[in-house]
Amino acid sequence: MTVKEISETASLSGPASALVKEDSTPGGYLDSLEKQELYQDAVTFLAYKLPTDAGIKWASACIKELRSPESKEQPDEPLDAADKWVKAPDDTTRMAAKDAADKSKNGGPSLLLAMAVYMSGGSLAPAGAPETPPPKYSAQKFIAGTVQVSVVSHEPAKAKERYQKALKIGKALDAPAV
């Protein structure tokens, strides 16, 4: 997709949409969003630009990097389930992520990440029922939400620096392999 198509599909803000030029490249546009401090739009744009599996890896990395020191000591079944899906993306691990989200007593970014995995493909219907695909771009919405909640759920006063760190992680996953 082009920058314009991604920005329209992602429903970016008016100020972000105004930055789209006919010759915009994804990297240049993302840099423009950051320069204008349109961080939520930058996160959303990148969530829609990345392949779904890379977006889920990005969101997982943001949770791990940006969570509070105390939460690093706590078990996090939805995060673990999402990471298992990244290593073995199939319906078994996808449904396990949904189960982990359903059973989790904690809200927050890990729950959103597990739902991104669940919405990444396959059918939402139980076994034996007619196939029901997830709504288009639902995984991307959950990925963007995961990253944004990761940024502001700990030390929200440092949101600017935390958004920059999250985008740096995402850009590294978006870089072409050498």
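Residues numbered from 1 in each chain as written. Predicted model: local features only at pLDDT ≥ 70, side-chain atom pairs only at ≥ 80, totals over all residues. Heavy atoms only, no water.

Peer 1: Quick question: what am I supposed to make of the overall build of the protein chain here?
Peer 2: Regarding its fold elements, the protein chain presents 11 helices and zero strands. When its helices and strands are written in sequence order, the protein chain yields α-α-α-α-α-α-α-α-α-α-α. For the protein chain, whose C-alpha radius of gyration is 16 Å, the value lies close to the compact-globule estimate of 16 Å for 178 residues. In terms of overall dimensions, the protein chain has a C-alpha envelope of 45 × 40 × 35 Å along the principal axes. The buried share of the protein chain, reckoned over its 178 residues, is 43%. Restricting to contacts in the protein chain with at least 6 residues of sequence separation, those with at least 24 account for 59%. In the protein chain, which carries 22 positive and 24 negative side-chain charges, the distance between the mean positions of the two groups comes to 2 Å. (Helix = DSSP H or I, 4+ residues; strand = E, 2+ residues; numbered from the N terminus. Rg over C-alpha atoms; globule rule 2.2 N^0.38 Å. Buried < 20%, exposed > 50% of the residue type's maximum accessible area, 1.4 Å probe, protein only. Contact = heavy atoms within 4.5 Å. Lys, Arg positive; Asp, Glu negative; His and termini not counted. Charge placed at Lys NZ, Arg CZ, Asp CG, Glu CD.)

Peer 1: I keep staring at unusual backbone geometry and nothing clicks. Help me out?
Peer 2: Excluding glycine, residues mostly carry a negative phi; peptide bonds, for their part, are mostly trans. In the Ramachandran plot, Ser11 falls in the positive-phi region, its phi being about 55° despite a non-glycine side chain. Tracing the sequence through the fold places Ser11 in the loop between helix 1 (3–9) and helix 2 (14–18). The class for Ser11 is exposed, based on a relative accessible area of 62%. Of note, the phi angle at Glu37 is positive, near 60°, even though the residue is not glycine. If you trace the backbone, Glu37 turns up in the loop between helix 3 (26–35) and helix 4 (39–49).

Peer 1: Teacher, can you tell me more about helix 11 (residues 159–174) here?
Peer 2: Three- or four-residue spacings in an α-helix give side chains the same orientation, since the helix completes a turn every 3.6 residues. Taking 1.5 Å per residue, 16 residues should reach 22 Å; helix 11 reaches 22 Å between its end C-alpha atoms and fits that length. Of the residues making up helix 11, those classed as buried are Ala159, Arg162, Tyr163, Ala166, Leu167, Ile169 and Gly170. The arc that holds the buried residues of helix 11, viewed along the axis, is 155°, so those residues lie on one side. Opposite the buried face of helix 11, at more than 90 degrees from it, the exposed residues are Lys168 and Ala172. Elements in contact with the buried residues of helix 11: helix 3, helix 4, helix 5 (52–66) and helix 10 (138–152). (Expected span 1.5 Å × (residues − 1). Arc of directions from axis to C-beta.)

Peer 1: Whenever I open this one, the environment of Pro134 confuses me. Can you help?
Peer 2: Relative to the helices and strands, Pro134 is located in the loop between helix 9 (109–118) and helix 10. Sequence-wise, Pro134 and Lys105 are 29 residues apart; in three dimensions their C-alpha atoms are separated by 24 Å. The residues contacting Pro134, other than those within four sequence positions of it, are Met119, Gly121, Gly122 and Leu124.

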